[in-house]
Amino acid sequence: MTATVGVLLPAAGRGERLGPGAPKALRALAGEPLLVRAVRGLRAAPSVGPVVVAAPASEVGAVADLMAGLDVVVVAGGAERQESVALALAALPPGVGLVLVHDAARCLTPPSVVEAVVAALRGGAVAVVPVLPVADTVKLVEGDRVVRTVDRASLRAVQTPQGFARGVLERAHAEVRTAVTDDASMVEALGLPVMTVPGHEEAFKVTRPLDLLLAEAVLSARTLRARP
Ligand code: CTP
Ligand code: MG
């Protein structure tokens, strides 16, 4: 029997780097909230089953209204992303064997990336991250002084969805107490292998105002491509 795939969608951040306004997940992108676009993108991936959204604690009602008809569970998120993921994980229905954790802010992620992560999990990996090569030269610095240049060839920028065997993610959240910026880091801390699959440029995280312009451009290009 193939394992059911559940998705945890942390969407409880404030979006401080985006500037003043509503929490990021509720901001409009070409007329529609980021979170709605993120959920629809996930639903376009055939493997995706139950979805749990971690909403800003003050916006749980508003998010539940927004999610009406999209068949998702909404829970209140926490102060840190890691906490929001843990709260969503606790609400994941039984019977889900594989879990994807996906930033709501990566709202334009193509379904092919989701399916590539799931395929790697079904192939036996216990943790999977989508990655891209790094375009910029990267330097290690102390203050304003360069210490050295890091070899770019062996660096990867990491995206989401990150995929896990459910038991591994649950163990990571139960045992790892250090602050991390992604879920795979916690699995690395357990000493378990994390595998990579190719990511996608359109899976970028909407973080700063320029990202909103880029996202709108991506949506326009998709609309043009979809025209007969
Ligand atoms: N996130 C969350 N709970 C938090 C913080 C972040 O669920 N306490 C989510 C965000 O909603 C986002 C994802 O984690 O979908 C990635 O975080 P990030 O891009 O940093 O979003 P924000 O924290 O909202 O942005 P900022 O750091 O600029 O405030
Ligand atoms: Mg943040």
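Structure: above.
Residues numbered from 1 in each chain as written. Chains lettered and ligands numbered in written order. Predicted model: local features only at pLDDT ≥ 70, side-chain atom pairs only at ≥ 80, totals over all residues. Heavy atoms only, no water.

Details of the pattern of salt bridges
Under the counting rule described, the total for this entry stands at nine salt bridges. One salt bridge connects arginine 166 with glutamate 170, and the closest N-O pair in it is separated by 2.9 Å. Here glutamate 170 and arginine 166 lie together in helix 5 (residues 166–175), a separation of four residues that amounts to about one turn. According to the relative accessible area criterion, arginine 166 is buried, its value standing at 15%. In this structure, the salt-bridge partner of glutamate 202 is arginine 222, at a minimum N-O distance of 2.9 Å. With glutamate 202 in the loop between strand 12 (195–198) and helix 7 (209–226) and arginine 222 in helix 7, this pair connects stretches of sequence that are 20 residues apart. You can call glutamate 202 buried: its relative accessible area is 19%. Each of Arg81, Asp103, Arg106 and Asp183 takes part in a single network of salt bridges with overlapping partners. (Salt bridge = Lys/Arg side-chain N within 4 Å of Asp/Glu carboxyl O. Helix = DSSP H or I, 4+ residues; strand = E, 2+ residues; numbered from the N terminus. Buried < 20%, exposed > 50% of the residue type's maximum accessible area, 1.4 Å probe, protein only.)

Some thoughts on empty space enclosed by the protein
Taken as a whole and judged by the stated rule, the model has one cavity of 30 Å³ or more. Around the largest cavity, the lining residues are Ala38, Gly41, Leu42, His102, Arg106, Cys107, Thr109 and Val114. Among the elements that make up the lining of the largest cavity, the one with the highest residue count is helix 1 (residues 34–43) (three residues). Partitioning the lining of the largest cavity into residue classes produces four nonpolar, three polar and one charged. (1 Å grid on protein atoms, 1.4 Å probe; cavity = no way out; pocket = protein on both sides within 12 Å on 5 of 7 lines; lining within 4 Å. Points joined across faces, edges and corners; volume = space filled by probe spheres on them. Nonpolar A, V, L, I, M, F, W, Y, C, P; charged D, E, K, R; others polar.)

Looking at the pairing of strand 11 (residues 162–165)
Looking along a regular strand, one sees side chains alternate from face to face of the sheet. Of the two faces of strand 11, the one holding Gln162 and Phe164 and the one holding Gly163 and Ala165 are both buried throughout. Pairing geometry for strand 6 (residues 96–101) and strand 11, over four bridges, is antiparallel. Paired with valine 101 across the bridge in strand 11 is glutamine 162. Bridging between strand 7 (residues 127–133) and strand 11 involves two bridges; their strand directions are antiparallel. Among the inter-strand pairings, valine 128 is bridged to a residue of strand 11, identified as glycine 163. (Pairing = 2+ DSSP bridges.)

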